[in-house]
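What follows is each chain in one-letter form.
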Amino acid sequence: MTHGEDRAKTIEDISTRLTQKHPTVQPAAIAHAVEQAYAEYDGRPIRDFLPVLVERSVSEKLRT
């Protein structure tokens, strides 16, 4: 799996989980928020915990 495929799969997985947790929010809005949050970490050297950081960040935004 390439980096791009891995990134796309990770974003899809996070979006799916958040859509299930927040069924009243449009899935497209969640996917967009995940994409934006993920992009904030582009170029950062440590990427191991990126999915957790992105999911937490978007989840907090959706709660407010």
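Refer to the structure presented above.
Rules used in this analysis
Position numbers for residues start from 1 in each chain and track the written sequence from start to end. pLDDT decides what is reported in this predicted model: residues at 70 or higher carry local features, side-chain atom pairs at 80 or more are listed and counted, and totals for whole chains, interfaces and linings draw on all residues regardless. Neither water nor hydrogens contribute to the side-chain values; these are computed over all heavy atoms in the structure. Residues grouped as a nonpolar core are buried Ala, Val, Leu, Ile, Met, Phe, Trp, Tyr and Cys residues, joined through side-chain atoms within 4.5 Å. Exposure is judged per residue with a 1.4 Å probe applied to protein chains only, and the accessible area is read against the type maximum: over 50% gives exposed, under 20% gives buried, and values in between give partly exposed. Every helix listed is a DSSP run of H or I at least four residues long, and every strand listed is a run of E at least two residues long, numbered separately from the N terminus. Two residues form a contact once any of their heavy atoms are found within 4.5 Å. Each helix should span, by expectation, one fewer than its residue count multiplied by 1.5 Å. Directions drawn from the helix axis to the C-beta atoms are what define this arc. By definition, a salt bridge exists where a carboxyl oxygen of Asp or Glu is found within 4 Å of a side-chain nitrogen of Lys or Arg. Patch definition: residues with relative accessible area over 30% and no salt bridge; like charges joined within 9 Å; nonpolar side chains (Val, Leu, Ile, Met, Phe, Trp, Tyr) joined within 5 Å. Here the open area of atoms and residues is found with the Shrake-Rupley method and a 1.4 Å probe, where only the protein chains shown may cover a residue.

**Topic: the nonpolar core**
Phase 1: Membership of the largest hydrophobic core is limited to 10 residues, which are Ile 11, Ile 14, Leu 18, Ile 30, Val 34, Ala 37, Tyr 38, Leu 50, Val 54 and Val 58.
Phase 2: Elements with a contribution of two residues or more to this core: α1 (3–21), α2 (27–39) and α3 (50–63).
Phase 3: Per-element tally for this core: the top contributor is α2, with 4 residues.
Phase 4: Not counting residues within four places of it along the chain, the set of residues in contact with Val 58 comprises Leu 18, Ala 33, Val 34 and Ala 37.

**A closer look at α3**
Side chains that are three or four residues apart share a direction in an α-helix, a result of its 3.6 residues per turn.
Phase 1: An ideal rise of 1.5 Å per residue puts 20 Å on 14 residues; α3 measures up with 20 Å between its terminal C-alpha atoms.
Phase 2: Among the residues of α3, Leu 50, Val 54, Glu 55, Val 58 and Ser 59 are the ones counted as buried. The buried side chains of α3 occupy one side of the element, clustering within an arc of 150° when seen end-on. Looking at α3, the residues exposed on the side facing more than 90 degrees away from the buried face are Arg 56 and Arg 63.

**Considering the environment of Ala 31**
Phase 1: Position of Ala 31 among the secondary structure elements: in helix α2.
Phase 2: With relative accessibility at 28%, the residue Ala 31 sits in the partly exposed group.
Phase 3: When the C-alpha positions of Ala 31 and Ile 11 are compared, they lie 7.5 Å apart, and in sequence the two are 20 residues distant.

**Looking at the pattern of salt bridges**
Phase 1: With the rule as written, the count across this model stands at 4 salt bridges.
Phase 2: In this structure, Lys 9 engages Asp 13 in a salt bridge whose closest nitrogen and oxygen atoms are separated by 2.9 Å. On the criterion of helical spacing, the pair formed by Lys 9 and Asp 13 is a turn pair, its members being 4 residues apart in helix α1.
Phase 3: Among the ionic pairs, Glu 55 bridges to Arg 17, the shortest N-O distance being 2.7 Å. Within this pair, whereas Glu 55 is found in helix α3, its partner Arg 17 is found in helix α1, the two being separated by 38 residues in sequence.
Phase 4: Beyond isolated ion pairs, a larger network of salt bridges with shared partners links Arg 17, Lys 21 and Glu 55.

**Things to note about a nonpolar patch on the surface**
Phase 1: On the surface, Ile 46, Phe 49, Val 52 and Leu 53 cluster together into a nonpolar patch covering about 410 Å² of accessible area.
Phase 2: Its location among the elements puts Val 52 in helix α3.
Phase 3: Judged by relative accessible area, Val 52 falls into the partly exposed class, the value being 39%.

Remember that the coordinates give geometry; whether it matters functionally is a separate question.
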